[in-house]
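Residue-level listing of the chains:
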Amino acid sequence: MVEYKGTREAFTQAITELAAENEQVVFVSADSLKAMRATSFAEKYPDRYIEVGIAEQNSVGVSAGLASAGLMPFIGTYAGFITMRACEQVRTFVAYPHLNVKLVGINGGIFSGEREGVTHQFFEDLAIMRAMPDVTILVPADAHQMYHAVKAAALIDGPVYIRAGSGREHLVYEADTPFEVGKIRVLKKYGNDVALFANGFILNRAVEAARILNESNIRVTLVDVPTLKPLDESGIQAILADCKAAVTVEDHNVIGGLGDVISMVSTKSYPVFMERVGLQDVFPSSGGPEEVLDRYGISIQDIVNAVKNVCKMKRGI
Amino acid sequence: MNVENDIKKLQTISDHIRLDIMKMVYEAKDGHPGPAFSIADLITTLYFKEMKIDPQNPRWEDRDRFILSKGHACPALYSALARKGYFSMDELHGLRKLGSMLQGHPDMNKTPGIDITSGSLGNGLSMAVGMAIAAKYRKKSYYTYVAMGDGEIQEGLVWEAAMCASKYKLNNLIAFVDHNGWQSGGSIHDVSGLLPVLPKWQAFNWDCQVIDGHDFEQIIQAIAQAKKSTDKPSMIILKTIKGKGLSFMENDNSWHKRVPTAEQMEQAITVLGGE
């Protein structure tokens, strides 16, 4: 079985394999080689490691130029520096011209930024990327899924954003479970009292909450939503129709991420009672990775409580 | 063809391009004639003298590339592309109109011959650097040309890209600054702390030249000189006049974005010669 320390190592493994198969694959770094754990890639493929220095806007502009000349650049650096500092370059010069640039943002969520504090905790990236037309958005749940997501991204002709972590990620999936772009995945079906939608590196918390709820005779359908665009609307709609109540769990501001995605599908096609577990539109702070999640509204107990609440609403209590 | 004839020919083409610009802006009732006139002679020289291109095969991978980073000047580029045969001259009537291939700023997917989307200021050099690095990696001999305005090089990203180009010793990258001294809000001097321009590029370790941006012979010679660089990117600062070619437009910054009157159109036809 493949063992990775985290999503960054999984990224490097995947891109190194891709590079062996496809000479168009290059890695663009904004002094992020070490942060991406990609030093081995640079050693193996020195002419395919493009280092622009601490200059994220330039990393995106250079990548647009590389892609226009037939290459497949992967930019890897901090999620917020890609999606916020270089937001316009991503939007206007990658997304709009549909260039084949892959954007890999580490420190996605507060779990991953943890002790660095707000400057390095990125909980708006998915909202920003969702607002841009024509970008595929992948939110793998662990290192195994990251590996497969990077491989899957290379098969897509066009811009892809992949959210990565910082090495704290818990393994949820088996190594050989594929990453299916554009599909939700039912992880556990205890019952249809509530649909529990989650994604990213807190999926393990949703798994644990679902197990605890089952012991209290509240039976959820636990669903991973690893692709935010293109969205599996029909799949989500079917789950909503079955469960008639939903809770979303995400390591992101509750504005603009998974909660909004499920809410959008629900209001459009199958209105249900909903609660959103995530960062409650506040700035977090430094701390241990697990404790910042617990402190800022994404604890296992928060998930359990949210499910119990919507269950009551559904039953009209 | 001797040099003198060559230059006469370029002058005629650039007159036609300037008249096209006037007609396009007049018809669209919108656009940036002053900035387009300023860069028209460079675009003429690149497309009708310097660049290795094939209008029948706009995405030919060995072609030279051109990025109009000051994308608002695109009527000049659209005219050049149409006159090279990338698309019909009739398309020029569509500038800025719904459904037209000619967007308000250059779009690589809508307009044949546009090498990359551009127009929000300060972004072109980065993309040019990417194209030039790609050429080195893929062992291609094409050149990447990029034209920036002196206003737009106030953007920080330009200098990120400038650093990167010298780090990678991109002697296959030839950049121009259209140094007409004006930007949207007024004179470069009044609006920004940019001046002087030349020592900044020298400090970023570029090969630099300063020439008259309306003198075809100087442009041709400067490009030839730039191609001799072995380990540096090249900067050619073009001393230009905003609105060059029509006396009522020259150095009048109200023409940054302005639509000519019918009388001004007649004057333009008289001065620039018509077809």
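Every value quoted in this text rests on a predicted model; they were computed, and no experiment measured them. Every chain begins its residue count from 1, and numbering advances along the sequence as written. Following the order in which they are written, the chains are lettered starting with A and the ligands numbered starting with 1. Local features in a predicted model are, by the rule used here, given only for residues with pLDDT of at least 70; side-chain atom pairs are given and counted only at 80 or more, and totals for whole chains, interfaces and linings are based on all residues.

K.L.:
For the domain arrangement of chain A, give the residues involved together with the corresponding values.
P.N.:
Residues and elements named next belong to chain A. Start and end positions for the domains come from either an automated domain assignment or a database one. When its domains are assigned, chain A resolves into domain 1 (7–163) and domain 2 (185–315). Averaged C-alpha coordinates put domain 1 and domain 2 at centres separated by 27 Å. If you look at the interface, domain 1 gives 26 residues, while domain 2 gives 28 residues. Think of it this way: any DSSP run of H or I at least four residues long counts as a helix, any run of E at least two long counts as a strand, and we number them from the N terminus. Counting only elements with at least two residues in the side of domain 1 that touches domain 2, the list comes to α6 (110–113), α7 (125–130) and β5 (136–138). Nonpolar residues are Ala, Val, Leu, Ile, Met, Phe, Trp, Tyr, Cys and Pro. Charged residues are Asp, Glu, Lys and Arg, and all others, Gly as well, are polar. The residue makeup of the side of domain 1 that touches domain 2, split by class, is 12 nonpolar, seven polar and seven charged. Contacts here follow a simple rule: the backbone-placed C-beta atoms of the two residues must lie within 7 Å.

K.L.:
Talk me through the pairing of strand β3 (residues 173–179) of chain B; I want residue IDs and the actual numbers.
P.N.:
Residues and elements named next belong to chain B. Counting buried residues in β3 gives seven out of seven residues, a clear majority hidden from the surface. What you see with β3 is no split at all: Leu-173, Ala-175, Val-177 and His-179 on one side and Ile-174, Phe-176 and Asp-178 on the other are buried throughout. Whether two strands pair depends on DSSP finding at least two bridges between them. Pairing analysis gives six bridges linking strand β2 (residues 144–149) to β3, with the strands arranged parallel. Paired with Val-146 across the strands is Ala-175, a residue of β3. Buried means a residue has 20 or more other C-beta atoms within 10 Å of its own C-beta, exposed means 12 or fewer, and partly exposed covers the counts in between; C-beta atoms are placed from the backbone.

K.L.:
So what's going on with unusual backbone geometry? Which residues, and what values?
P.N.:
A cis geometry characterises the amide bond from Lys229(A) onward to Pro230(A), with omega recorded as -5 degrees. By the element assignment, Pro230(A) lies in the loop between β10 (227–229) and α10 (233–243). Geometrically, the link from Leu195(B) to Pro196(B) is a cis peptide bond, its omega value of 0 degrees lying close to zero. With respect to the helices, strands and loops of the structure, Pro196(B) is situated in the loop between α6 (188–191) and α7 (198–203). Even without glycine at this site, Asn217(A) takes up a positive phi of about 65 degrees.

K.L.:
Could you give me a rundown of the interface of chain A and chain B, with the residues and numbers involved?
P.N.:
The interface of chain A with chain B comprises 24 residues on the first partner and 23 residues on the second. Contributing elements (two or more residues each) for the side of chain A that touches chain B: α3 (56–68) and α5 (87–95) of chain A. By residue number, the principal contributor to the side of chain A that touches chain B is α3(A), which donates nine residues. Considering only residue class, the side of chain A that touches chain B consists of 11 nonpolar, 11 polar and two charged.

K.L.:
So, the UniProt feature "domain: Transketolase-like pyrimidine-binding" (unreviewed entry) in chain A: which residues are in play, and what are the values?
P.N.:
UniProt positions are given in the numbering used here, feature names are shortened, and annotations may be inferred rather than shown by experiment. Under the present numbering, the feature "domain: Transketolase-like pyrimidine-binding" (unreviewed entry) in UniProt falls on residues 5–171 of chain A. As annotated, residues 5–171 of chain A comprises 43% helix and 16% strand, and the C-alpha atoms at either end are separated by 10 Å.

K.L.:
Give a description of the sheet that holds strand β4 (residues 102–106) of chain A that names residues and reports values.
P.N.:
All names here are of chain A. Spatially, β2-β1-β3-β4-β6-β5-β10 is the arrangement adopted by the seven strands of the open sheet, whose pairing is mixed. Since the sheet does not close on itself, it has two edges, and those belong to β2 (49–51) and β10, each with one partner. The mean inter-strand angle of the sheet, taken between neighbouring strand axes irrespective of direction, is 20 degrees. Note on definitions: angles span 0 to 180 degrees between N-to-C directions of axes, and those axes are lines fitted to C-alpha atoms, for helices only across the stretch in contact.

K.L.:
Describe in detail the confidence of the model for chain B, supporting the description with residues and values.
P.N.:
What pLDDT reports is the predictor's confidence in each residue, on a scale of 0 through 100. On average, residues of chain B carry a pLDDT of 97, and 99% of them reach 70 or more. Interface predicted TM-score (ipTM) for the complex: 0.97; the corresponding pTM is 0.97.

K.L.:
Give a detailed account of the packing of α10(A) against helix α11 (residues 258–269) of chain A, specifying residues and quantitative values.
P.N.:
Residues and elements named next belong to chain A. At a closest axis distance of 10 Å, the pairing of α10 and α11 adopts a crossing angle of 70 degrees. In terms of orientation, α10 lies roughly perpendicular with respect to α11. Between α10 and α11, the contacting residues are Glu-233, Ile-236, Gln-237 and Leu-240 on the first element and Ile-262, Val-265, Ser-266 and Ser-269 on the second. Residues of the contact of α10 with α11, tallied by class, amount to four nonpolar, three polar and one charged. Oblique is the label for any angle not covered by the other classes, which are roughly parallel (under 35 degrees), roughly antiparallel (over 145) and roughly perpendicular (65 to 115).

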